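Chain residues, written in single-letter form:
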Amino acid sequence: MTFDSGIRNPQSATRNLLEKPFRRRDLLGIRDLTAAEIIGILDTAENFSEISTREVKKVPALRGKTVINLFFEASTRTRTSFELAAKRLSADAVNISVSSSSVSKGETLLDTAMNLDAMAPDCIVVRHSSAGVPHQLAKVSKAAIVNAGDGANEHPTQALLDAMTIREHKKQIDGLEVAIVGDILHSRVARSNIHLLTKMGAKVRVAGPGTLVPEDFRHLVENGLEVCTHVEDAIEGADVVMILRIQRERQDAAYFPSLREYSIHYGLTNERLDLARKDAIVLHPGPMNRGIEIASEVADSSRSLILDQVKYGVAVRMAVLYLATGGATVNG
Ligand code: CP
């Protein structure tokens, strides 16, 4: 059957799917993806991004498909944008939160997943506080599993939307200098971004309190990762400054004396940002703690692309849902 997928440039989309295939059923992390697969997802997202600017923001590409959003942790941006992405592609989207599910009555995670799978969804998008949960679900589920954040492990669609934001503003990622500043230890955003950016040829510098920069990143040095002691060393000359939230919900110890001291030594102020290139852009995955890791004067400045990240999040999640579920065949 042939029908209009609703994609602005179906020839280009078809070519991208054929030449840079993402042939996996699941998106569990960035670590296992090739640069070609990442480019394939970003190109597909670019094709989808125009749909969100239309008066009628809906195309039939995933008509008849069902997407379940299974969130065991709080979310504003990721859950909403996965739901919008599914709906803009005409999929049926169902949202489940822990408080309203039978998990609150003691049902195990795997039982919950298998019961949902029995209803024949095409894709389950899952967020959980434990690393590896999406990988566990992928073993028992017939539906495609998409990781929407697993503990401190990975947040692949966040790194993809960050990459789309960088690509839209800098045209390429290869050769860029990117500073990632903050709570690296507990950040799944940092992990996914370090994998993605180094695979795409960027030089990545991470900085934060010594207690919040994990040892397991130091082996990535040969891939273009540099660990800086001082935040100023990471930011100096950077094309992109990515600021991370202090993840107090994942901290089981005192990693720094106080939020006030953290802000003084690591917070992104205009003075610190002046060390970066004149045309440097500022990213933050949200939710942000104004006045702690980022000053409002920076967050609200023209160099901040924080709301662009949110905008591109919808396009990236449309691409991921489309590719993971097989989508409507663009060729018919
Ligand atoms: N960036 C991010 O994952 O935001 P949410 O927690 O609001 O989904």
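A short tour of the structure in this document, coming up. (Residues numbered from 1 in each chain as written. Predicted model: local features only at pLDDT ≥ 70, side-chain atom pairs only at ≥ 80, totals over all residues. Heavy atoms only, no water.)

### Regarding the packing of aromatic side chains
Across all of its chains, the model carries two aromatic pairs by this definition. Ring centres 5.2 Å apart and planes at 75° place the aromatic pair phenylalanine 48 and tyrosine 322 in the edge-to-face group. Of this pair, phenylalanine 48 sits in helix α2 (residues 35-49) while tyrosine 322 sits in helix α12 (residues 306-324), placing them 274 residues apart in sequence. Taking the relative accessible area as the measure of exposure, phenylalanine 48 reaches 0% and is therefore buried. Using a relative accessible area of 2% as the deciding quantity, one classes tyrosine 322 as buried. (Phe/Tyr/Trp six-rings, centres within 6.5 Å; stacked < 30°, edge-to-face > 60°. Helix = DSSP H or I, 4+ residues; strand = E, 2+ residues; numbered from the N terminus. Buried < 20%, exposed > 50% of the residue type's maximum accessible area, 1.4 Å probe, protein only.)

### Quick look at the site of the ligand
Around the ligand sit Ser75, Thr76, Arg77, Thr78, Arg127, His155, Gln158, Pro285 and Gly286, and that is every residue in its neighbourhood. The backbone of glycine 286 places a nitrogen or oxygen atom 3.3 Å from a nitrogen atom of the ligand. Protein contact buries 91% of the 250 Å² of open area that the ligand shows by itself. Judged by its atoms lying within 2 Å of the grid points, the ligand is housed in the largest pocket. (Near = heavy atom within 4 Å. Polar contact = N/O pair within 3.5 Å; in protein donor to acceptor, adjacent residues only side chain to side chain. Areas by Shrake-Rupley, 256 points an atom, 1.4 Å probe, with all protein chains shown as cover. 1 Å grid on protein atoms, 1.4 Å probe; cavity = no way out; pocket = protein on both sides within 12 Å on 5 of 7 lines; lining within 4 Å. Sits in = over half its atoms within 2 Å of the grid points.)

### Let's talk about the layout of surface pockets
The method is simple in principle: a probe with the dimensions of a water molecule rolls over the atoms, and the space it marks as empty is what remains. Of the pockets and cavities examined, the largest pocket occupies roughly 350 Å³. Forming the walls of the largest pocket are 20 residues, and the residues nearest its centre are Arg127, Arg188, Arg245, Gly286 and Pro287. Elements represented by at least two residues in the lining of the largest pocket include exactly α3 (77-88) and α7 (188-199). Tallied by class, the residues present in the lining of the largest pocket amount to five nonpolar, eight polar and seven charged. (Points joined across faces, edges and corners; volume = space filled by probe spheres on them. Nonpolar A, V, L, I, M, F, W, Y, C, P; charged D, E, K, R; others polar.)

### Here we look at the packing of helix α4 (residues 109-117) against helix α5 (residues 133-140)
α5 packs onto α4 with a crossing angle of 45° between their chain directions and a minimal axis gap of 10 Å. On the basis of their axis angle, the class for α4 and α5 is oblique. For the pair α4 and α5, the crossing hand works out as right-handed. Residues Leu109, Leu110, Ala113, Met114 and Asp117 of α4 form the contact with α5, whose participating residues are Val133, Gln136, Leu137 and Val140. Class assignment for the residues of the contact of α4 with α5 results in seven nonpolar, one polar and one charged. (Axes fitted to C-alpha atoms, helices over the stretch in contact; angles between N-to-C directions. Parallel < 35°, antiparallel > 145°, perpendicular 65-115°, else oblique. Left-handed = near helix turned anticlockwise from the far one by under 90°. Contact = heavy atoms within 4.5 Å.)

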